[in-house]
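# Reading the structure
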Amino acid sequence: MKSEQDGAAGTAPVRDLSYELLGIQIENPFILAAGPSTDDIDMVRRAFSMGWAGAVLKTTSVEGTRVDLAYPMISSFNHDGKLLFGMGNIDLISAHHIDRVEATVRTLKTEFPGKLVAASIMAGKKDDWQSLVGRLENAGADLIECSFSCPQGNIGEDPGKMLAQSVAATELTARWVKEAARRIPVSIKITPQVTDIVDVARAVQRSGADALTASNSVQALMGIDIYSFVPNPPLAGKSTYSGLTGPAIKPMTLRTIAEIARHVTIPVLGTGGASSWRDAVEFMSVGARCVQFCTLVMHHGFRVIDDLRSGLSNYMDDMGFSSPLDIVGRALPHLAVHDNLPRRVVRSVIDESRCIGCEVCYVACRDGGHAAIDRRESRIPLVNPERCVGCGLCPLVCPEACISLAEA
Amino acid sequence: MQREERTPPDKTAPGVFDDRRAQVEAERCLYCFDAPCTSACPVHIDIPAFIAMLRSGNAPGAAWLVRNANALADTCGRICPSEVYCQPACTRGKQDAPVRIRELHLYATRSERAREFHPGTSPPTGKSVAVLGAGPAGLGCAFELAKFGHHVDLYNDGPPGGVPLKSIPPFRLPEEDLVHDTGMLGRFFTAHDGTIDAPVFGGITRNHDALFIAVGLGRDRSLGIPGEEMESVFPVLEFLETAKKRPHTLRIGSRVIVVGGGNVSLDAAATARRLGAAEVTLLYRRGEQQMLVWSAEIREARRLGVEFRFHAKPFEIVGRGRVESVKCRTMRPGGENDDSGRPVPVEVPGADFFLPADSVIVAIGQDVSADWLTGLSRTKKGFISVDGKFQSSMAGVFAGGDAVSGEGTVVRSLAHGKQAARAIHEYIMRKG
Ligand SMILES: Cc1cc2nc3c(=O)[nH]c(=O)nc-3n(C[C@H](O)[C@H](O)[C@H](O)COP(=O)(O)OP(=O)(O)OC[C@H]3O[C@@H](n4cnc5c(N)ncnc54)[C@H](O)[C@@H]3O)c2cc1C
Ligand SMILES: Cc1cc2nc3c(=O)[nH]c(=O)nc-3n(C[C@H](O)[C@H](O)[C@H](O)COP(=O)(O)O)c2cc1C
Ligand code: SF4
Ligand code: SF4
Ligand code: SF4
């Protein structure tokens, strides 16, 4: 059914958001991440015509790779009434034959020469990695992304473990891929679940690869049905660990990107938990050069691109930025180790004119802070400056955002 | 909404959400696909999209979407009847209560007031269209035609705004909101101030590729009973217009009777109370259930102490020069239904009564007043006949708004204008 509303309302005007990423001109920083939304050519076509700047096609591998999907494969981490605050999946790579993926790349590049079409690959043996690169490069892919981080484990030698969890294997495999890619850049998609992300990032840089995609889903156990004790997603009494994505992982991704950007010079392609243009700005401010989206689109559809573009456009106007690249890295100088943080004395202040008297701040401070908020008959609480240390808890719980911290 | 605002919203305006209220309300939206609210809004504002933009902190984007779809966005943000269109259709209402869409879009456009608005406009086509009447229908049409790249000449007697400017009481529609809307629209047309009559109309017809007639309803219906010619008997539009422009010249006395059971009567009754009348009685020949009114208006009238006399109609106004009393007849619902599906009221013999009064306001409906508009077919009620594309019986002459379908709403008139603009565009581009 075609909606009468499709396209009827028009889209808010958007300034020029184009720039160069790894030598490729892109229309805007918003790229579809490898996932269900990029596994079908018609879906990608629709996304492109709606304004997405590019897509990483769902990961493919060599002929004969077994893709034995188990359903249901998606489950949700709901928090406080918010559906899909985190999404878990036990998906595998694309079930399509490599021939079809190759044809998809070719067709998309013909129909949409201005869009970034990236192919994602995963393999075991050196020959396989290299033949995949060769075929997809010849088909016209603009970029090769290598999944070293599928939460359902690696194909090949060390099943159950992610390639990017071994520094040595990461460097070696990335080298093979880079060797095979003669004309186009290569990005290595890594997992945040390692002891030291900087070691992995440095290994990728040493391999000669052009970029890092950071970071993939986080291996997680999505929840347990407490009456049957079967974890989510339930598959006839059994379950397994999922890859957690969506808003729940955003702060982890931010830290991962920041750590990488502080220690290596190759660009980072951001992914993992972005769900608005604001999140995208945050990702870029800690070093990402573009932002990939998967869960947001799975939840709300390609239509979210209108707000992503218009929101970023208005933000850039407000900030006086001329290119999305102006955002990249802006937050990094503000990061310091704890020892070097400024020490100053702050106290919380309640704007009584706006307080609605819920006393949520009172109980939070009494039982989780410093018992520095006193109750009053009026139910408008009073901060006791003698006891308040300025920990910053009460402003965070106030539903009216009427508590602030002020220099004492 | 968490961003430091560069263009601070006007937080002082009464009836406008503050940031927090808007945030909380926006979060209630389910972001429906092919949303029923958008289908129900006559101008099809993409409601879930603009609410999602508010949620993401993209108020400029939200305001743009609303304004591009609704040429009188702030006006509708104030007086669009929330029980009629988008809100009863809202899916969220099936869970608890509908999202307060009208207030959210008022918040969006008002908080972005300082920002210029640029719709996407096509390059000039060299065609020119005359729009007759600068009420909601005419303005909606002119805006849309300008976006197609056509030149628009807008003819109106006085500043643009139609009924909302002239008659809708300021306590419901702050004038600044309407004036802000019309001000934004000013650069999309060339305004011609003056009354249209037969010669003027002839000239306009000759000089344009197409016409859109949106003259609304200008003539108050009269009761046709003895005593109606007295000085303190007011046709409602005249009364409301004077109350807005020169309230001190109105002498209504302390006991006022308003005849009629529509929104316009309620506005008149509320206005009379605000002008200082001690007793205001609304006389209606049917029952409360049959009133075609919005509950917010009836609540407001009750709050102001307006008395209601249902199942009664006046049959004579008594007085010497000025009104002294009104002779009323009791009515009851008859067995038959009329066109509107409501029982026809019938007279109850032997139950007449007197109501003392100093003035009477007659609010029993309005008709099209354009006598110069000859040669166009009319409906049996005297409205201009149009087809599904707002084309009248004369080629190239289109019409919309209250002049084609009787007393309606601002947003419905805007929608007529918008749809007609598309039809006009197709017509003149086809004509070549
Ligand atoms: C008291 C009152 C309260 C209302 N309250 C609401 C409300 O709360 N919400 C809502 O949605 N709707 C409300 N309405 C209805 C709404 O105002 C109308 O449906 C709407 O204004 C009709 O728009 P229009 O463009 O068709 O006509 P109009 O608004 O009547 O505009 C017609 C324009 O044409 C001009 N014109 C007419 N003849 C000539 C001529 N010969 N020469 C030059 N110019 C001419 C008029 O001056 C006017 O500017 C109310 C109406 C009234 C009367
Ligand atoms: C159902 C599902 C399937 C996915 N499949 C792939 C895949 O085939 N290859 C890959 O590199 N990443 C895959 N991902 C990871 C996404 O590309 C993305 O990096 C991750 O979801 C985090 O971003 P998000 O929070 O925007 O969803 C998948 C994610 C989901 C939810
Ligand atoms: S949490 Fe906020 S609103 Fe509630 S009592 Fe405290 S200050 Fe007032
Ligand atoms: S214009 Fe009226 S119907 Fe449309 S969204 Fe606004 S309040 Fe709803
Ligand atoms: S119908 Fe209600 S809940 Fe659904 S999109 Fe519209 S406003 Fe939101």
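This one's a predicted model, so the numbers in the text were calculated from it and none came from an experiment.

When helices and strands are tallied, chain A shows 11 helices and 18 strands. When its C-alpha atoms are laid out on the principal axes, chain A stretches across 75 × 50 × 50 Å. With 408 residues in all, chain A has 52% of them scored as buried. Restricting the contact set of chain A to residue pairs at least 6 apart, pairs at least 24 apart contribute 71%. Averaging the coordinates of the 40 positive side-chain charges in chain A and doing the same for the 46 negative ones gives two points 2 Å apart.

This part covers the environment of Arg183(A). All names here are of chain A. Turning to its location among the elements, Arg183 is positioned in the loop between α4 (167-180) and β9 (186-189). Along the sequence, Arg183 and Ile98 sit 85 residues apart, while their C-alpha atoms lie 20 Å from each other. What Arg183 contacts, discounting residues up to four positions off in sequence, is Glu137 and Asn138. One polar contact links Arg183 to Asn138, side chain to side chain, over a distance of 3.5 Å.

Next up on the list: the nonpolar core. By size, the foremost hydrophobic cluster in this structure holds 93 residues, and its most contacted members are Trp52(A) and Phe293(A). The residues contacting Trp52(A), other than those within four sequence positions of it, are Glu27(A), Phe30(A), Ile31(A), Leu32(A), Ala47(A), Lys115(A), Phe293(A), Val297(A), Phe302(A), Val304(A), Ile305(A) and Leu308(A). Counting 73 residues, the second-largest nonpolar core is a separate cluster that includes Cys90(B), Cys141(B), Ala214(B) and Tyr427(B).

On the chain B side, the residues contacting the 25 residues of chain A number 27 residues. For the chain A and chain B pair, buried surface summed over both sides reaches about 2,200 Å², with 46% attributable to carbon and sulfur atoms. The interface formed by chain A and chain B holds 2 salt bridges in total. When the shortest N-O distance is used, the salt bridge between Glu400(A) and Arg21(B) registers 2.8 Å. Taken together, the links from chain A to chain B amount to 11 residue pairs in polar contact (both at pLDDT 80 or more). Elements that contribute at least two residues to the side of chain A that touches chain B include exactly α7 (277-285) and α9 (305-319) of chain A. In terms of residues, the side of chain A that touches chain B owes the most to one element, α9(A), which gives 7 residues.

The next point concerns the site of ligand 1. All names here are of chain B. In the vicinity of ligand 1, 33 residues are found, and the nearest of them are Asn156, Asp157, Lys166, Arg172 and Ile196. Between ligand 1 and Lys166, the relevant distance is 2.8 Å, taken from an oxygen atom to a side-chain nitrogen or oxygen of the residue. In isolation ligand 1 exposes 990 Å². Once the protein is present, 96% of that is buried. Breaking the shell around ligand 1 down by element, the ones donating at least two residues are α8 (136-147), α9 (162-166), α12 (236-245), α13 (263-274) and α16 (410-431). Per-element tally for the shell around ligand 1: the top contributor is α9, with 4 residues. Its residues assigned to classes, the shell around ligand 1 shows 17 nonpolar, 11 polar and 5 charged. There are two domains that each give the shell around ligand 1 at least three residues, and those are domain 2 (128-218 + 368-431) and domain 3 (222-362).

A separate point is the domain arrangement of chain B. Taken domain by domain, chain B consists of domain 1 (19-111), domain 2 (128-218 + 368-431) and domain 3 (222-362). Put simply, the middle of domain 1 of chain B and the middle of domain 3 of chain B, counted by C-alpha atoms, are 35 Å apart.

With that out of the way, let us pick up the sheet that holds strand β3 (residues 190-193) of chain B. All names here are of chain B. In spatial order, the strands read β3-β2-β1-β4-β16; together these 5 strands make up an open sheet with parallel pairing. Two strands close off the open sheet at either side, each with one partner strand: β3 and β16 (397-399). Ignoring which end each strand starts from, the neighbouring axes of this sheet average 20° apart. Contacts between α16 and the sheet are confined to β1 (128-132), β4 (210-213) and β16, with β4 contributing the most and set at about 165° to the helix.

It is worth spelling out the packing of aromatic side chains at this point. Within the structure shown, the criterion is met by 14 aromatic pairs over all chains. Ring geometry for Trp52(A) and Phe293(A): centres 5.9 Å apart, planes at 65°, overall edge-to-face. Taken together, the positions of Trp52(A) in the loop between α1 (41-50) and β4 (54-56) and Phe293(A) in strand β14 (residues 288-293) put the pair 241 residues apart, joining distant regions of the chain. No difference in accessibility class separates Trp52(A) from Phe293(A), as the two residues are buried. Following the ring pairs from residue to residue traces out a cluster consisting of Trp64(B), Phe117(B), Phe143(B) and Phe188(B). For Arg302(B), the ring lying beneath its charged end belongs to Phe308(B), and the centroid distance is 4.7 Å. The residue whose ring lies beneath Arg329(B) is Phe315(B), and the NZ or CZ to ring-centre distance is 4.1 Å.

Moving on to the pairing of β4(B). Residue and element names in this part refer to chain B. The alternating pattern of β4 places Ala210 and Phe212 on one face and Leu211 and Ile213 on the opposite face, and all of these are buried. Relative to β4, β1 runs parallel, the two being bridged by 4 bridges. Following the sheet pairing, Val131 is matched in β4 by Phe212.

What follows concerns the packing of helix α3 (residues 126-139) of chain A against α4(A). Residue and element names in this part refer to chain A. At a closest axis distance of 8 Å, the pairing of α3 and α4 adopts a crossing angle of 35°. The interaxial crossing formed by α3 with α4 has right-handed handedness. Contact residues: α3 offers Lys126, Trp129, Gln130, Val133 and Glu137, while α4 offers Thr173, Trp176, Val177, Glu179 and Ala180.

In this structure, Pro72(A) follows Tyr71(A) across a cis peptide bond, with omega equal to -5°. In this model, Asn232(A) is joined to Pro233(A) through a cis peptide bond whose omega is -10°. With respect to the helices and strands, the residue Pro233(A) is situated in the loop between β11 (218-220) and β12 (242-245). Positioned with a positive phi, Tyr31(B) is a non-glycine residue whose angle comes to about 60°. For Tyr31(B), the location among the structural elements is in the loop between α1 (19-26) and α2 (36-40). With relative accessibility at 11%, the residue Tyr31(B) sits in the buried group.

Time to look at a nonpolar patch on the surface. Residues and elements named next belong to chain A. On the surface, Leu221, Ile224, Ile226, Tyr227, Phe229 and Tyr241 cluster together into a nonpolar patch covering about 750 Å² of accessible area. In this structure, Ile226 sits in the loop between β11 and β12. Overall, Ile226 belongs to the exposed group, its relative accessible area being 55%.

A few words now on the site of ligand 2. Residue and element names in this part refer to chain A. In the vicinity of ligand 2 lie 21 residues, with Ala34, Lys58, Thr59, Gly273 and Thr295 positioned nearest. Within the contact set of ligand 2, an oxygen atom lies 2.7 Å away from a side-chain nitrogen or oxygen of Lys189. Here an oxygen atom of ligand 2 sits 3.3 Å away from a polar atom, N or O, in the main chain of Gly272. Compared with its free state, where it exposes 610 Å², ligand 2 has 96% of that area covered by protein. Counting residues per element, the ones that place at least two in the shell around ligand 2 are β6 (82-89) and α8 (295-300).

Looking now at the state of the cysteines. Residues and elements named next belong to chain A. Under the counting rule described, the total for this entry stands at 0 disulfides over all chains. Cys365 takes part in no disulfide bond, and the closest cysteine sulfur, belonging to Cys394, lies 6.2 Å away. Owing to a relative accessible area of 10%, Cys365 belongs among the buried residues under this scheme.

This part takes up the environment of Ala420(B). Residue and element names in this part refer to chain B. Relative to the helices and strands, Ala420 is located in helix α16. According to the relative accessible area criterion, Ala420 is buried, its value standing at 0%. In this structure, the C-alpha to C-alpha distance between Ala420 and Ser122, residues 298 residues apart in sequence, is 18 Å.

A few words now on the pattern of salt bridges. Tallied over the full model, the rule gives 58 salt bridges over all chains. Across the pair Lys125(A) and Asp128(A) runs a salt bridge, and its minimum N-O distance is 4.0 Å. The salt bridge partner of Glu288(B) is Arg302(B), with a shortest N-O separation of 3.2 Å. Of this pair, Glu288(B) sits in the loop between β8 (279-283) and α14 (295-303) while Arg302(B) is found in helix α14, placing the two residues 14 residues apart along the sequence. Looking at Glu288(B), the relative accessible area reads 29%, which means it is partly exposed. Here the residues in one salt-bridge network are Arg67(B), Asp74(B), Arg78(B), Arg110(B), Arg113(B), Glu176(B), Asp177(B) and Asp181(B), joined through shared partners.

Here is what the cut-offs are and how they apply
- Residues numbered from 1 in each chain as written.
- Chains lettered and ligands numbered in written order.
- Predicted model: local features only at pLDDT ≥ 70, side-chain atom pairs only at ≥ 80, totals over all residues.
- Heavy atoms only, no water.
- Helix = DSSP H or I, 4+ residues; strand = E, 2+ residues; numbered from the N terminus.
- Buried < 20%, exposed > 50% of the residue type's maximum accessible area, 1.4 Å probe, protein only.
- Contact = heavy atoms within 4.5 Å.
- Lys, Arg positive; Asp, Glu negative; His and termini not counted.
- Charge placed at Lys NZ, Arg CZ, Asp CG, Glu CD.
- Polar contact = N/O pair within 3.5 Å; in protein donor to acceptor, adjacent residues only side chain to side chain.
- Core = buried A, V, L, I, M, F, W, Y, C linked by side-chain atoms within 4.5 Å.
- Buried area = accessible area lost by both parts, 1.4 Å probe.
- Salt bridge = Lys/Arg side-chain N within 4 Å of Asp/Glu carboxyl O.
- Near = heavy atom within 4 Å.
- Areas by Shrake-Rupley, 256 points an atom, 1.4 Å probe, with all protein chains shown as cover.
- Nonpolar A, V, L, I, M, F, W, Y, C, P; charged D, E, K, R; others polar.
- Domains from an automatic or database assignment.
- Pairing = 2+ DSSP bridges.
- Axes fitted to C-alpha atoms, helices over the stretch in contact; angles between N-to-C directions.
- Phe/Tyr/Trp six-rings, centres within 6.5 Å; stacked < 30°, edge-to-face > 60°.
- Lys NZ or Arg CZ within 6 Å of the ring centre and 35° of its normal.
- Left-handed = near helix turned anticlockwise from the far one by under 90°.
- Patch = residues over 30% accessible without salt bridge, like charges linked within 9 Å, V, L, I, M, F, W, Y side chains within 5 Å.
- Disulfide = S-S within 2.5 Å.

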